[in-house]
Amino acid sequence: SVSRDLETVILKALEKEPSSRYASAREFAEELQRVLTGEAIIARRPSSLEGFVRQVRRHPSLSLAFGALAIVAGFAGAFAWQWRAQKAHVDQLNRERDDIEKRRQQAAERRAKAEPKVESARALLDKASSLYLLPDFSAEELEVVAREAKSLLDEAVELDAEWPEAWLLRARAHEILRDSDGVLRDLDAAVNLSPSGALFFERGRQRLLRSIRLTRA
């Protein structure tokens with residue numbers, strides 16, 4: 001079999017381009033002598049890239065084919081990038097939707113736990129209001145009922161701080177207990193969560209009453 005060095009020398013001698021062949025017969029003979037004596041030859045095999053370029057030069061149709069392939073590859077790359085970007089956007093939207101749904105479920109669970117306490121407190125506050133109508137109502141009993149209602153509403157607000165009704169009812173309990181600061185604080189919370197005209201009016205009324213009490217004191 002032909003040695004690799006001899007094959008390299010022969011291929012160089014047969015190059016199509018004159019500039020790529022040996023410059024003279026003497027240079028070719030010296031290269032063959034190196035092969036025979038086992039010395040390192042000067043000729044080098046073309047690299048893969050050089051070989052590819054030579055093939056393209058020899059066959060122009062290959063140039064068109066590879067150009068078309070490059071265009072197709074470019075479009076494919078752009079499509080793949082756009083698809084990945086679109087998928088990332090859809091995944092982000094899905095995560096946000098899942099997060100919103102999770103928060104909604106958590107809020108619903110908190111509301112479900114707070115609701116019985118709020119309803120019990122409402123019944124106690126209604127009872128406290130009815131005590132005022134009795135000719136011999138007991139202030140001590142009224143305070144006990146109001147404090148019990150406030151305790152339930154404290155738990156309700158801790159469970160669901162986003163429920164305006166809980167804050168409003170607790171302001172009502174504070175009013176029965178003559179805690180004007182507590183009334184205004186809880187009314188502020190209720191207004192911030194549900195800025196209705198009725199709540200604004202009630203908050204203004206309570207501030208006026210507080211001012212009157214402070215003036216008399």
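Since this is a predicted model, take the numbers as computed values, not measurements.

Draft legend 1. The arrangement of helix H5 (residues 139-159) in detail. The end-to-end C-alpha separation of H5 is 30 Å, in line with the 30 Å expected for 21 residues at 1.5 Å each. Among the residues of H5, Leu142, Val145, Ala146, Ala149, Leu153, Ala156 and Val157 are the ones counted as buried. The buried residues of H5 all sit within an arc of 110 degrees when viewed along its axis, so they share a single face. The exposed set on the far side of H5, more than 90 degrees from its buried face, consists of Glu140, Val144 and Glu158.

Draft legend 2. Molecular detail of the packing of aromatic side chains. Per the stated rule, a full pass over the model turns up 1 aromatic pair. Ring geometry for Tyr22 versus Phe28: centroids 5.5 Å apart, planes at 40 degrees, classification tilted.

Draft legend 3. The arrangement of a nonpolar patch on the surface in detail. A cluster of nonpolar side chains, Tyr132, Leu134 and Phe137, forms an exposed patch at the surface whose accessible area comes to about 280 Å². Here Phe137 is to be found in the loop between helix H4 (60-131) and H5. Given the relative accessible area of 35%, Phe137 is considered partly exposed.

Draft legend 4. Representation of the environment of Glu158. Within the fold, Glu158 resides in helix H5. Judged by relative accessible area, which is 71%, Glu158 ranks as exposed. The spatial distance from the C-alpha of Glu158 to the C-alpha of Ala114 is 8.6 Å, given a sequence separation of 44 residues.

Draft legend 5. Geometry of the nonpolar core. Within the largest apolar cluster, 23 residues are counted, with the highest numbers of intra-cluster contacts made by Val118, Leu125, Leu153 and Ile176. Elements represented by at least two residues in this core include exactly H4, H5, helix H6 (164-176) and helix H7 (180-193). The residues touching Leu125, leaving out its near neighbours within four places in the chain, are Ala149, Leu153, Leu169, Arg172, Ala173 and Ile176.

Draft legend 6. Up close: the packing of helix H1 (residues 4-13) against helix H2 (residues 25-37). One way to put it is that H1 packs onto H2 with a least axis distance of 9 Å and a crossing angle of 170 degrees. With respect to H2, the axis of H1 lies roughly antiparallel. Touching Asp5, Leu6, Val9 and Ala13 of H1 are Phe28, Glu31, Leu32 and Val35, all from H2. Residue composition of the contact of H1 with H2, by class: 6 nonpolar, no polar and 2 charged.

Draft legend 7. Spatial organisation of the packing of H6 against H7. Contact pair H6 / H7: the axes reach a minimum separation of 8 Å and the direction vectors enclose 165 degrees. Judged by the inter-axis angle, H6 sits roughly antiparallel to H7. Like other packed secondary-structure pairs, H6 and H7 cross with a definite hand, here left-handed. Touching Pro164, Trp167, Leu168, Arg170, Ala171, His174 and Glu175 of H6 are Gly182, Val183, Arg185, Asp186, Leu187, Ala189, Ala190 and Leu193, all from H7. Here the residues of the contact of H6 with H7 are counted per class, giving 9 nonpolar, 2 polar and 4 charged.

Conventions and cut-offs
- Residues numbered from 1 in each chain as written.
- Predicted model: local features only at pLDDT ≥ 70, side-chain atom pairs only at ≥ 80, totals over all residues.
- Heavy atoms only, no water.
- Helix = DSSP H or I, 4+ residues; strand = E, 2+ residues; numbered from the N terminus.
- Expected span 1.5 Å × (residues − 1).
- Buried < 20%, exposed > 50% of the residue type's maximum accessible area, 1.4 Å probe, protein only.
- Arc of directions from axis to C-beta.
- Phe/Tyr/Trp six-rings, centres within 6.5 Å; stacked < 30°, edge-to-face > 60°.
- Patch = residues over 30% accessible without salt bridge, like charges linked within 9 Å, V, L, I, M, F, W, Y side chains within 5 Å.
- Areas by Shrake-Rupley, 256 points an atom, 1.4 Å probe, with all protein chains shown as cover.
- Salt bridge = Lys/Arg side-chain N within 4 Å of Asp/Glu carboxyl O.
- Core = buried A, V, L, I, M, F, W, Y, C linked by side-chain atoms within 4.5 Å.
- Contact = heavy atoms within 4.5 Å.
- Axes fitted to C-alpha atoms, helices over the stretch in contact; angles between N-to-C directions.
- Parallel < 35°, antiparallel > 145°, perpendicular 65-115°, else oblique.
- Nonpolar A, V, L, I, M, F, W, Y, C, P; charged D, E, K, R; others polar.
- Left-handed = near helix turned anticlockwise from the far one by under 90°.

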